[in-house]
Amino acid sequence: MNGQSSQQQPNDGLHDDDAALTDFLASLMDYTPTIPDELVEHYLAKSGFQCPDVRLTRLVAVATQKFIADVATDALQHCKARQSSIVKDKRDKQQKDKRLILSMEDLSKALREYGVNVKHQEYFADSPSAGLDSAPRDE
């Protein structure tokens, strides 16, 4: 009997996994993802993938949404760490303005953790005051 019950447990576990997967895929039919199906289908088609099953398209949308949320959360943590390391003199001035400013550096660090290396152009302005002339122009 022991030999039979030990053989049935892995099969029951596999059956439970199949049932859970089937239930999950069925639930995707009723789910409306944040990223529209048309946008996901566009990028899937652009990469050469075509599938008429809406559930698969929504599964990709959910995975993409999760990836973006994780990157945004990590970038926020980098932003908070960067702004908390500001010297105390500057911190007193910033007490009036407690907004967090996400920089390209924060986003690049977060993406690097996921294996995405981002390089921006030399002319990219990373601060709101970059590129502004203090002297008025003569026209």
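Source: prediction; values computed, not measured.

Student: Explain the overall build of the chain here, please?
Tutor: Along its length, the chain carries five helices and zero strands. Along the chain, helices and strands appear, N-terminal first, in the series α-α-α-α-α. Here the chain holds 139 residues, and the buried ones make up 15% of them. Across the chain, every contact between residues at least 6 apart in sequence was considered, and the portion connecting residues at least 24 apart equals 58%. For the chain, the computed accessible surface area is about 11,600 Å², with 54% contributed by carbon and sulfur atoms.

Student: What is the right way to look at the packing of aromatic side chains in this model?
Tutor: The geometry of an aromatic ring pair is captured by the separation of the ring centres together with the interplanar angle, meaning the angle of the planes. Per the counting criterion, the structure on display carries one aromatic pair. Where Phe67 meets Tyr114, the ring centres are 5.5 Å apart and the plane angle is 80°; that geometry is what we call edge-to-face. Linking Phe67 in helix H3 (residues 54–84) with Tyr114 in the segment after helix H5 (104–113), this pair joins segments that are 47 residues apart in sequence.

Student: What exactly am I supposed to notice about H5 here?
Tutor: Helical geometry: 3.6 residues make up each α-helical turn, so side chains three or four residues apart lie on a common side. Buried residues of H5: Met104, Asp106, Ser108, Ala110 and Leu111, and no others. Contacts from the buried residues of H5 go to H3. Gly115, located one to two residues past H5, shows a positive phi value of around 85°.

Student: For this particular structure, what's the right way to read the pattern of salt bridges?
Tutor: Any two side chains of opposite charge can pair if their charged atoms end up close together. Applying the stated criterion across every chain, the model contains five salt bridges. Here Asp53 ties to Arg55 by a salt bridge, and the two come within 2.9 Å at their closest N and O atoms. Accessibility expressed as a relative area gives 27% for Asp53, which makes it partly exposed. Residue Arg55 is classed as partly exposed on the basis of its relative accessible area, which comes to 29%.

Student: Would you mind going over helix H2 (residues 37–46) with me for this structure?
Tutor: Every buried residue of H2 is listed here: Asp37, Val40 and Leu44. Projected onto a plane normal to the axis of H2, the buried residues spread over an arc of 65° and lie on a single side. In H2, the exposed positions angled more than 90 degrees off the buried face are occupied by Glu38 and Lys46. Considering only its buried residues, H2 is in contact with H3. Phi turns positive one or two residues past the end of H2, at Gly48, with a value near 95°.

Student: What is the right way to read the side chain of Asp37 from this model?
Tutor: Position of Asp37 among the secondary structure elements: in helix H2. Taking relative accessible area as the criterion, Asp37 reaches 15% and is therefore assigned buried. A distance of 3.1 Å separates a polar atom in the side chain of Asp37 from a polar atom in the side chain of Arg58.

Student: Is there a simple way to explain the side chain of Thr57 in this structure?
Tutor: With respect to the helices, strands and loops of the structure, Thr57 is situated in helix H3. The buried category is assigned to Thr57, whose relative accessible area is 3%. For Thr57, the contacting residues outside a window of four places in its chain are Asp37, Val40, Glu41 and Cys51.

Student: Would you mind showing me how to read the environment of Cys79 here?
Tutor: Secondary-structure assignment places Cys79 in helix H3. For the pair formed by Cys79 and Ile101, sequence separation is 22 residues and the distance between their alpha carbons is 7.1 Å. For Cys79, the residues in contact, after removing those within four places along its chain, are Leu100, Ile101, Leu102 and Asp106.

Student: Explain the confidence of the model for the chain to me, please; I cannot follow it from the model alone.
Tutor: It should be kept in mind that the predicted coordinates are not to be read in detail where pLDDT is low. Looking at the chain, pLDDT values average 79 and 69% of them are 70 or higher. By mean pLDDT, helix H4 (residues 88–94) is the weakest element of the chain at 57, and H2 is the strongest at 94. For the stretch residues 1–8, pLDDT sits under 50, and the model shows zero contacts to residues farther than four places along the chain or on other chains.

Thresholds applied
- Residues numbered from 1 in each chain as written.
- Predicted model: local features only at pLDDT ≥ 70, side-chain atom pairs only at ≥ 80, totals over all residues.
- Heavy atoms only, no water.
- Helix = DSSP H or I, 4+ residues; strand = E, 2+ residues; numbered from the N terminus.
- Buried < 20%, exposed > 50% of the residue type's maximum accessible area, 1.4 Å probe, protein only.
- Contact = heavy atoms within 4.5 Å.
- Areas by Shrake-Rupley, 256 points an atom, 1.4 Å probe, with all protein chains shown as cover.
- Phe/Tyr/Trp six-rings, centres within 6.5 Å; stacked < 30°, edge-to-face > 60°.
- Salt bridge = Lys/Arg side-chain N within 4 Å of Asp/Glu carboxyl O.
- Arc of directions from axis to C-beta.
- Polar contact = N/O pair within 3.5 Å; in protein donor to acceptor, adjacent residues only side chain to side chain.
- pLDDT = per-residue confidence, 0-100.

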